[in-house]
Amino acid sequence: MSSDATAATESTPDVEGAELLRVRGLDAGYGDLQILTDVDMDVYDGEYVTIVGPNGAGKSTLMKSVFGLTNHMGGTVTFEGEDITGLRPEDIIHEGVGYVPQNDNIFATLTVQENLEMGAYILDEVPQDALDVVFERFPILEERKQQKAGTMSGGQQQMLAMGRALMLDPSLLLLDEPSAGLAPDLVEEMFDKIDEINEAGTAVLMVEQNAKEALRRCDRGYVLANGENRYVDTGTALLNDEQVRRDFLGG
Ligand SMILES: Nc1ncnc2c1ncn2[C@@H]1O[C@H](COP(=O)(O)OP(=O)(O)OP(=O)(O)O)[C@@H](O)[C@H]1O
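In this text, all values refer to a predicted model and were calculated from it rather than measured experimentally.

Scanning the protein chain from terminus to terminus reveals 10 helices and 10 strands. A compact globule built from 251 residues should have a C-alpha radius of gyration of about 18 Å, and the protein chain, at 18 Å, falls within 12% of that. In terms of overall dimensions, the protein chain has a C-alpha envelope of 55 × 40 × 35 Å along the principal axes. Taken across its 251 residues, the protein chain has 42% of its residues classed as buried. The long-range fraction of contacts in the protein chain, counting pairs at least 24 apart against all pairs at least 6 apart in sequence, stands at 69%.

Moving on: the sheet that holds strand S2 (residues 33-44). Sheet architecture is open: 4 strands sit in the order S2-S1-S4-S5, paired in antiparallel fashion. Whereas interior strands pair on both sides, the edge strands pair on one side only; in this sheet they are S2 and strand S5 (82-83). Direction of pairing for strand S1 (residues 19-30) relative to S2: antiparallel, over a ladder of 8 bridges. Across the sheet, leucine 26 pairs through a bridge with valine 39, a residue of S2.

In terms of domain boundaries, the protein chain breaks down into domain 1 (19-96 + 170-248) and domain 2 (108-161). Placing the centre of domain 1 and that of domain 2 at their C-alpha centroids yields a distance of 24 Å. Among the elements of the structure, helix H2 (89-95) and helix H7 (184-199) are those that each provide at least two residues to the side of domain 1 that touches domain 2. At 4 residues, H7 tops the list of elements feeding residues into the side of domain 1 that touches domain 2.

This brings us to the pairing of strand S6 (residues 97-100). If a strand is regular, its side chains alternate between the two faces of the sheet. Residues Val97 and Tyr99 of S6 are buried on one face, and the alternating residues Gly98 and Val100, pointing to the opposite face, are buried as well. In this structure, S6 lies alongside strand S7 (residues 172-176), joined through 4 bridges in parallel fashion. Residue valine 97 lies in a different strand from S7, and its bridge partner there is leucine 172.

Moving on, we come to the site of the ligand. Among the 13 residues in the neighbourhood of the ligand, the closest are listed as Tyr30, Asn55, Lys59, Ser60 and Thr61. Among the elements that line the shell around the ligand, the one with the most residues is helix H1 (residues 59-66), at 3 residues. By residue class, the composition of the shell around the ligand is 5 nonpolar, 7 polar and 1 charged.

This paragraph deals with the sheet that holds S7. The strand order across the open sheet formed by 6 strands is S6-S7-S8-S3-S9-S10, and the pairing between neighbours is mixed. Here the strands that pair on one side only, and so sit at the sheet edges, are S6 and strand S10 (228-234). If you compare each strand with its neighbour and ignore which way they point, the axes differ by 15° on average. Bridging between strand S3 (residues 48-52) and strand S8 (residues 203-207) involves 4 bridges; their strand directions are parallel. Within S8, the residue paired with tyrosine 48 across the bridge is valine 204.

Procedures and definitions
- Residues numbered from 1 in each chain as written.
- Predicted model: local features only at pLDDT ≥ 70, side-chain atom pairs only at ≥ 80, totals over all residues.
- Helix = DSSP H or I, 4+ residues; strand = E, 2+ residues; numbered from the N terminus.
- Rg over C-alpha atoms; globule rule 2.2 N^0.38 Å.
- Buried ≥ 20, exposed ≤ 12 C-beta atoms within 10 Å, placed from the backbone.
- Contact = placed C-beta atoms within 7 Å.
- Pairing = 2+ DSSP bridges.
- Domains from an automatic or database assignment.
- Near = placed C-beta within 6 Å.
- Nonpolar A, V, L, I, M, F, W, Y, C, P; charged D, E, K, R; others polar.
- Axes fitted to C-alpha atoms, helices over the stretch in contact; angles between N-to-C directions.

Following this line, the structure appears as structure tokens:
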């Protein structure tokens, strides 16, 4: 069975921006346990890239590896031409990368506003304009700014986690399963918010279980399986590829 999607990793995206993130030959894991093998990935300025694949494929591990949260075993990660391989997350934030983990991504006992202010902890003072931008993007956060974050709904907490990552106006936002655990109408709202963030100029690299919807919305997608690259192409091409559909998208 032939496949139209690019079964290698060398797809040059049809985008005009400069390269932001470049991952080459990445081997990484936890302790001695290697999860990723020889993974390549690119994200261009302003691009919206999705990583899909079966459970346990290593999608979250790839995202964590970009953010310096795994054990690096080989290969390189560069961001805006600078080698960030092996840097600590606090240094990677300084480079302009924001990360929203899937779990434990808010401080439940702090208020919404305090959570957002924590997003700017590396700065000497909280940038009021950044707070205003986040409140404009997520009006519900402004309405509830004095509320304890732990008392908000799952969708609102997810928006807070995203808002917090946006406080430093990153060039690249890493999102790990932003739709996880949300009711279907909230899933759509969440994807719409991500579109808005991307349309405002922030590049997005997202891991999603909701693979079809993610591929519909993104510019390019990577299919990862067993810790290795399988396919890379535009989201539409991956969605339309018979073999990708059958093997990775539930037919
Ligand atoms: N902290 C950890 N320590 C050891 N192994 C881990 C750790 N986190 C993840 N793993 C293992 O790494 C492998 C890849 O997990 P990962 O979460 O990256 O996959 P995934 O593709 O994101 O899957 P899912 O969609 O289920 O979240 C799995 O076998 C998982 O058990």
